[in-house]
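Chain residues, written in single-letter form:
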Amino acid sequence: MRTTTLGGGAVPVTELSLGCAALGNLFHPVTDEAARATVDAAWDAGIRTFDTAPHYGLGLSERRLGAALRERPRDAYTLSTKVGRLLVPDPEGGAGDDLADGFAVPATHRRVWDFSADGVLRSLEASLERLGVDRVDVALLHDPDDHADQALREAYPALERLRAEGVIGAIGVGMNQCALPTRFLRETDIDVVLLAGRYTLLEQDGLSELLPEAAARGRSVVIGGVFNSGLLTAPRPGATYDYAPAPQPVLDRALRLLEVSERHGVPLRAAALRFPFGHPAVASVLTGARSPQEVRDTVEQLRRPIPQALWDELRAEGLLDPDTPVPQAAWTGQAVLAGEAAQTREPS
């Protein structure tokens, strides 16, 4: 599993990262045993980058991930979590569930938006306790869509101080839109953007400003949501897109992508996984899993050869813009821009 560093700094990420929302019972329950086995399978496959958040299962994801990694050497993996939502005990004591926010857990806590400097510190302190570690490597501002000014004025400077003190290794923002992360790239010294669902085989909104801005500044982008909420794993009526039934025009486009990939003997999910690595700013693709089988399938699909003819036909069919960068036949780490290769290393 190839590794590069975020933003040219010292924090390494593997080409595949494990997103741990499912470990927080995203939509459906996952047992403690299955959660542990999923992390173990990722480790066995060479994945060394793990992303979680307090939001995921009201802290359950962090607790399970921390437990699964506890016996691993701390310097052998990269741990990412998020700030912006504080977990406050619910006065009703978990009488209901958290399915309204997508997680099959008791509603023992409620989420409170807080992008103040104090909120950032309190959030990280609570995350460290749930994870059972003394540090995280990456701290991401989580969905500050409606809190942009406070996140820029208060949360980011607090994280910048922690980075300068060596408490965290890298700072980023995690969102499913492009405009605000691009603003962060221009106005701050963040290391990484976690962009969910906006740079995929289905849609390339990130190519207009965000990805070129990151590349020009030597910053990294981690791509999440490469399957657009499942649509690119099995396009069919009723398939989800952005966590809702896919609109017919979107479904039609996905079905056309499926036809092209099948003509070249490539599963659509394999092409979707590989596609983001064509851009020089992309350091890693982050995918979720709720079982060892899903982890192993993801790794297998990433390693499938993708013929250049597939990308050529997607362009010819108008499914990719002619100027959209595509991966080379053999991916060799973070892509090359203007003749300059990004630094890579093999994980220990």
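These numbers were taken from a predicted model, which means no experiment stands behind them.

**Concerning the packing of helix α4 (residues 148-164) against helix α5 (residues 179-187)**
Closest axis-to-axis distance for the α4/α5 pair is 11 Å, and the angle between their directions is 30°. Regarding the angle of α4 to α5, the classification is roughly parallel. The handedness of the crossing between α4 and α5 comes out as right-handed. Of α5, the residues touching α4 (which contributes Ala148, Asp149, Ala151 and Leu152) are Leu180, Arg183, Phe184 and Glu187. Here the residues of the contact of α4 with α5 are counted per class, giving 5 nonpolar, no polar and 3 charged.

**Focus: helix α6 (residues 210-217)**
Residues Leu210, Leu211, Glu213 and Ala214 constitute the buried set of α6. Angularly, the buried residues of α6 cover 160° about the axis, an arc narrow enough to put them on a single face. Where α6 terminates, the next one or two residues include Gly218, which has phi positive at roughly 70°.

**As for the packing of helix α1 (residues 32-44) against helix α2 (residues 60-69)**
In the contact formed by α1 and α2, the axes pass within 9 Å of each other and the chain directions differ by 55°. Between α1 and α2, the interaxial angle falls into the category oblique. Once α1 is placed against α2, the crossing between them reads as right-handed. Packed against α1, whose contacting residues are Asp32, Ala35, Arg36, Val39, Asp40 and Trp43, the element α2 presents Arg64, Leu65, Ala67, Ala68 and Leu69 at the interface. Tallied by class, residues from the contact of α1 with α2 come to 7 nonpolar, no polar and 4 charged.

**Describing the pattern of salt bridges**
This model, assessed by the stated rule, comprises 29 salt bridges. For Asp32, the salt bridge identified is with Arg64, shortest N-O distance 2.9 Å. Of this pair, Asp32 sits in helix α1 while Arg64 sits in helix α2, and the two are 32 residues apart along the sequence. What makes Arg64 buried here is its relative accessible area of 12%. The salt bridge partner of Arg85 is Asp143, with a shortest N-O separation of 3.2 Å. Placement of the pair is Arg85 in strand β6 (residues 85-89) and Asp143 in the loop between β10 (138-142) and α4, with a sequence separation of 58 residues. Among the charged side chains, a network of salt bridges with common partners joins Arg74, Asp75, Asp134, Arg135 and Asp137.

**Some points on the confidence of the model for the chain**
On average, the chain scores 93 in pLDDT, and the residues at 70 or more come to 94%. Counted against residues more than four places away or in other chains, residues 331-348, with its pLDDT under 50, gives 40 contacts.

**Some points on the sheet that holds strand β3 (residues 16-19)**
The strand order around the closed barrel formed by 8 strands is β3-β4-β5-β10-β11-β12-β13-β16, and the pairing between neighbours is parallel. Taking each pair of neighbouring strands and ignoring which way they run, the sheet shows an average axis angle of 25°. With 5 bridges joining them, strand β12 (residues 192-196) and strand β13 (residues 220-224) adopt parallel strand pairing. When the sheet's bridge partners are listed, Leu195 is paired in β13 with Ile223. Running over the sheet, α4 touches β5 (78-83), β10 and β11 (170-175) and is turned about 145° from β11. Along the sheet, α6 makes contact with β12, β13 and β16 (282-288), crossing β13 at roughly 145°.

**Brief notes about unusual backbone geometry**
In this model, Asn25 sits at a positive phi of 65°, which is unusual for a non-glycine residue. Assignment of secondary structure puts Asn25 in the loop between β3 and α1. Overall, the relative accessible area of 7% leaves Asn25 in the buried class.

**Some thoughts on the nonpolar core**
By size, the foremost hydrophobic cluster in this structure holds 91 residues, and its most contacted members are Phe50, Leu159, Leu201 and Trp311. Tallying contributions element by element places α4 first for this core, with 8 residues. If sequence neighbours within four positions are ignored, Leu159 has contacts with Val83, Val120, Leu124, Ala139, Leu141, Ile168 and Ile171. Among the nonpolar cores identified, the runner-up in size contains 11 residues, and Leu6, Val13, Val192 and Val222 belong to it.

**Regarding α5**
Within the sequence span of α5, burial applies to Leu180, Pro181, Thr182, Phe184 and Leu185. In the core, the buried residues of α5 are packed alongside β10, α4, β11, β12 and α6.

**Some words on the packing of aromatic side chains**
Under the counting rule described, the total for this entry stands at 8 aromatic pairs. Both rings, one in Trp43 and one in Tyr77, keep their centres 6.2 Å apart while their planes meet at 75°; by these two values the pair is edge-to-face. Placement of the pair is Trp43 in helix α1 and Tyr77 in the loop between α2 and β5, with a sequence separation of 34 residues. Here Trp43 matches Tyr77 in class, with each residue buried. Between Tyr199 and Phe275, the ring centres sit 5.0 Å apart and the planes meet at 35°, which makes this aromatic pair tilted. Of this pair, Tyr199 sits in the loop between β12 and α6 while Phe275 sits in the loop between α8 (268-274) and β16; the two residues are 76 residues apart in sequence, bridging distant segments of the chain. The exposure classification of Tyr199 matches that of Phe275, with both residues buried.

Conventions adopted
- Residues numbered from 1 in each chain as written.
- Predicted model: local features only at pLDDT ≥ 70, side-chain atom pairs only at ≥ 80, totals over all residues.
- Heavy atoms only, no water.
- Axes fitted to C-alpha atoms, helices over the stretch in contact; angles between N-to-C directions.
- Helix = DSSP H or I, 4+ residues; strand = E, 2+ residues; numbered from the N terminus.
- Parallel < 35°, antiparallel > 145°, perpendicular 65-115°, else oblique.
- Left-handed = near helix turned anticlockwise from the far one by under 90°.
- Contact = heavy atoms within 4.5 Å.
- Nonpolar A, V, L, I, M, F, W, Y, C, P; charged D, E, K, R; others polar.
- Buried < 20%, exposed > 50% of the residue type's maximum accessible area, 1.4 Å probe, protein only.
- Arc of directions from axis to C-beta.
- Salt bridge = Lys/Arg side-chain N within 4 Å of Asp/Glu carboxyl O.
- pLDDT = per-residue confidence, 0-100.
- Pairing = 2+ DSSP bridges.
- Core = buried A, V, L, I, M, F, W, Y, C linked by side-chain atoms within 4.5 Å.
- Phe/Tyr/Trp six-rings, centres within 6.5 Å; stacked < 30°, edge-to-face > 60°.

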